[in-house]
Protein chains: 2
Amino acid sequence: MELLKQRIQKDGEVRAGNILKVDSFLNHRMDITLFKEMGREFYEYFGDRGVTKILTIEASGIGIACIAALYFDVPVVYAKKHPTKNIAGDVYSVEVTSFTHGRSYNVIVSKRFLSEDDNVLIIDDFLANGCAARGLADIVTMAGGRVAGVGIAIEKGFQAGGENLRAHGLDVKSLAIVESMEDGRIVFRD
Amino acid sequence: MELLKQRIQKDGEVRAGNILKVDSFLNHRMDITLFKEMGREFYEYFGDRGVTKILTIEASGIGIACIAALYFDVPVVYAKKHPTKNIAGDVYSVEVTSFTHGRSYNVIVSKRFLSEDDNVLIIDDFLANGCAARGLADIVTMAGGRVAGVGIAIEKGFQAGGENLRAHGLDVKSLAIVESMEDGRIVFRD
């Protein structure tokens, strides 16, 4: 998606440790006009899959997922991050390790909000090692549902997440794939 | 807002400790069709105030704020919750005590995303003791900006938050004000 790539080149900042900071438009300040174009792109790609629900994860996936949901006309469920293993209640839970924060947490979704009738589009802002998306896909499977696909704003193509998800048969659509960002220079995959 | 009140009556669950559980449509599973109507109501009330930015707080405010932003045609900034007092970087920070979770945390916003030119609409899903909304208003003031108003989905009218915010001169628009919920029966303020 050309508009997103241009925006990343213009406003993205490469930080030590392969961090790409895009908080001025994606995950702290959110450019809703850009999100509409992103939602339209996701719909163009996944619109004919019979999606019944969008699943994302707090906090930075929520805005993108909600705007995308306007096109799909479906509800959004956001998974919650839970620091401990002691989780009460009737929830699906998987353990996930965050690339950015270098720590593990549990991702939980109430059993009431996913079912075997669901065909779920997973949406998130970043795909790096793929643990979050993989965890969300596992939760959909636990519920007996199907994963329609995975929609990602920015994939770090130099990390293994995208490759792993695709190897597991998931249809991953990333709007921008960063091939490398050495010396602060961001190069996209064609 | 009649539609929201009906939905709360239909799907809201009153729990011990004055908890109103609305996670089937507001803050875990999100009904985007309802959010559009809520956004339209906020715009009807605040649309002529020259709002330049919507400010909310992770995670449950983000969806409502993003959909509302479509009507206002402005970006959304979401404040982040930070567990410790050791906060690095160039941020505005206030301490807030959560009613639901009974613990304190710091609310932070990057200084880059609020300025003295901003006229900010604060949006959140719940208003109980008012600490979160008050904290967000304080952050706007720290940045030298103005608060155009506070848009809330559900206000607990039997707690002091709404009264306190209004006493401080803030224009608070709550789409549904719960007057009481004794014995599990939800009564709204007219």
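From a predicted model like this one, the values you see are computed outputs, not experimental measurements.

(A) Structural context of the overall build of chain A. Looking only at helices and strands, chain A has five helices and 11 strands in total. What you see for chain A is a C-alpha radius of gyration of 16 Å, in line with the 16 Å of a compact globule of 190 residues. Residues counted as buried form 55% of the 190 residues belonging to chain A. Accessible surface for chain A amounts to roughly 8200 Å². Of this, 44% is attributable to carbon and sulfur atoms. Averaging the coordinates of the 23 positive side-chain charges in chain A and doing the same for the 26 negative ones gives two points 4 Å apart.

(B) Seen up close, the confidence of the model for chain A. Chain-level statistics for chain A give a pLDDT mean of 95 and a share of 96% at 70 or above. This complex was scored by the predictor with a pTM of 0.96 and an ipTM of 0.96.

(C) Seen up close, the interface of chain A and chain B. In this assembly, 33 residues from chain A lie in contact with 33 residues from chain B. Three residues stand out in chain A for area buried against chain B, namely H28(A), M30(A) and Y78(A), and they jointly supply 24% of the buried area on that side. Here R112(B) and E13(A) are joined by a salt bridge, their closest N and O atoms 3.7 Å apart. Of all the secondary structure elements, the ones that give two or more residues to the side of chain A that touches chain B are β3 (29–30), α2 (32–46), α3 (62–72), β5 (76–82) and β7 (104–110) of chain A. By residue number, the principal contributor to the side of chain A that touches chain B is α3(A), which donates six residues. Direction of pairing for β3(A) relative to strand β5 (residues 76–82) of chain B: antiparallel, over a ladder of two bridges. Residue pairing in the sheet places R29(A) in a bridge with V77(B) of β5(B).

(D) Representation of the pairing of strand β9 (residues 146–156) of chain A in the model. Residues and elements named next belong to chain A. Within β9, nine of the 11 residues are buried, leaving the element largely enclosed by the surrounding structure. Two strands pair when backbone bridges link them, and strand β8 (residues 119–127) and β9 are joined in this way by eight bridges, in the parallel orientation. Along β9, the bridge assignment pairs L127 with E155. In this sheet, strand β10 (residues 172–180) lies alongside β9 in parallel orientation, the contact comprising six bridges. Bridge assignment links V150 to a residue of β10, and that residue is V172.

(E) How the structure looks around the nonpolar core. Core analysis: the biggest nonpolar cluster contains 79 residues, and L4(A) and L4(B) have the highest contact counts within it. Not counting chain neighbours up to four residues away, the residues in contact with L4(B) comprise F25(B), L34(B), M38(B), A153(B), I154(B), L175(B) and A176(B).

(F) Here's a closer look at the pattern of salt bridges. Residues and elements named next belong to chain A. Following the criterion strictly, the structure yields 28 salt bridges over all chains and no others. The salt bridge involving D118 is made with K53; its shortest N-O contact spans 3.0 Å. Taken together, the residues span a long stretch of sequence, with D118 in the loop between β7 and β8 and K53 in strand β4 (residues 53–57) at a distance of 65 residues. Look at D118 and you get buried, because its relative accessible area is 6%.

(G) Highlighting the relation of the copies chain A and chain B. Rotating chain A by 180° and moving it 0.0 Å along the rotation axis overlays it on chain B with an RMSD of 0.0 Å. What we have between these two chains is a two-fold relation. In this assembly, 100% of the residues forming the interface of chain A have copies in chain B that are likewise at the interface, indicating an isologous arrangement.

(H) Inspection of the packing of aromatic side chains at higher detail. Residues and elements named next belong to chain A. In this structure the tally under the stated criterion is four aromatic pairs over all chains. Both rings, one in Y45 and one in F46, keep their centres 4.8 Å apart while their planes meet at 80°; by these two values the pair is edge-to-face. Classification of Y45 as partly exposed rests on a relative accessible area of 32%. For F46, a relative accessible area of 0% gives the class buried.

(I) Broad picture of the environment of I67(A). If you trace the backbone, I67(A) turns up in helix α3. According to the relative accessible area criterion, I67(A) is buried, its value standing at 0%. Taking the C-alpha atoms as reference points, I67(A) and K36(A), separated by 31 residues in sequence, lie 6.2 Å from one another. For I67(A), the contacting residues outside a window of four places in its chain are I32(A), F35(A), K36(A), C66(B), I67(B) and L70(B).

(J) Up close: the environment of R134(B). All names here are of chain B. As for its position among the elements, R134 is in helix α4 (residues 131–142). Take R134: its relative accessible area is 32%, and that puts it in the partly exposed class. Once the C-alpha coordinates of R134 and R15 are considered, the two residues, 119 residues apart in sequence, prove to be 25 Å apart. In this view, R134 contacts L165 and H168; residues no more than four positions away in its chain are not counted.

(K) Examining helix α2 (residues 32–46) of chain B more closely. Counted at 1.5 Å a residue, the expected span for α2(B) with its 15 residues is 21 Å, and the 20 Å between its end C-alpha atoms agrees. Capping the start of α2(B), D31(B) holds a side-chain oxygen 3.0 Å from the backbone nitrogen of T33(B), two or three residues further along.

Reading guide: rules and limits
Numbers given to residues run from 1 along each chain, matching the order in which its sequence is written. Each chain is given a letter, starting from A, and each ligand a number, starting from 1, according to the order in which they appear as written. This being a predicted model, a pLDDT of at least 70 is required before a residue's local features are given, and a value of 80 or more before pairs of side-chain atoms are given or counted; all residues contribute to the totals for chains, interfaces and linings. Just so you know, side-chain values use all the structure's heavy atoms and leave hydrogens and water out. Strands here are runs of E lasting at least two residues and helices are runs of H or I lasting at least four, both read from the DSSP assignment and numbered beginning at the N terminus. Radius of gyration: over C-alpha atoms. The globule rule applied is 2.2 Å multiplied by the number of residues raised to the 0.38 power. For every residue, the accessible area obtained with a 1.4 Å probe (protein chains only) is divided by the maximum for its type, and the residue is called buried under 20%, exposed over 50%, and partly exposed between those limits. Residue burial considers only the protein chains on display, and all accessible areas are found by Shrake-Rupley using a 1.4 Å probe. Under this rule, positive means Lys or Arg and negative means Asp or Glu; His and the chain ends count for nothing. Charge positions come from single atoms, namely NZ of Lys, CZ of Arg, CG of Asp or CD of Glu. Scored from 0 to 100, pLDDT records how confident the predictor is in each individual residue. Contacts are residue-level and defined by heavy atoms, with any inter-residue pair within 4.5 Å sufficient. Buried area is a sum: the accessible area each of two parts loses on coming together, probed at 1.4 Å, counted once for each and added. Any carboxyl oxygen of Asp or Glu within 4 Å of a side-chain nitrogen of Lys or Arg constitutes a salt bridge here. At least two DSSP bridges between two strands are required for those strands to pair. Side-chain atoms within 4.5 Å are what join buried Ala, Val, Leu, Ile, Met, Phe, Trp, Tyr and Cys residues into a set we call a nonpolar core. Superposing the copies works by least squares over the C-alpha atoms of residues that have pLDDT at least 70 in both of them. Stacked, tilted and edge-to-face pairs are distinguished by plane angle, under 30 degrees for stacked and over 60 for edge-to-face with tilted covering the rest, among Phe, Tyr and Trp rings (Trp via its six-membered ring) whose centres lie within 6.5 Å. Multiplying 1.5 Å by the residue count of a helix minus one yields the expected span of that helix. Each polar contact in these results corresponds to two N or O atoms within 3.5 Å; when the atoms are within protein, one needs to be able to donate a hydrogen and the other to accept it, and residues that are neighboring in sequence are counted only if both atoms are side-chain atoms.

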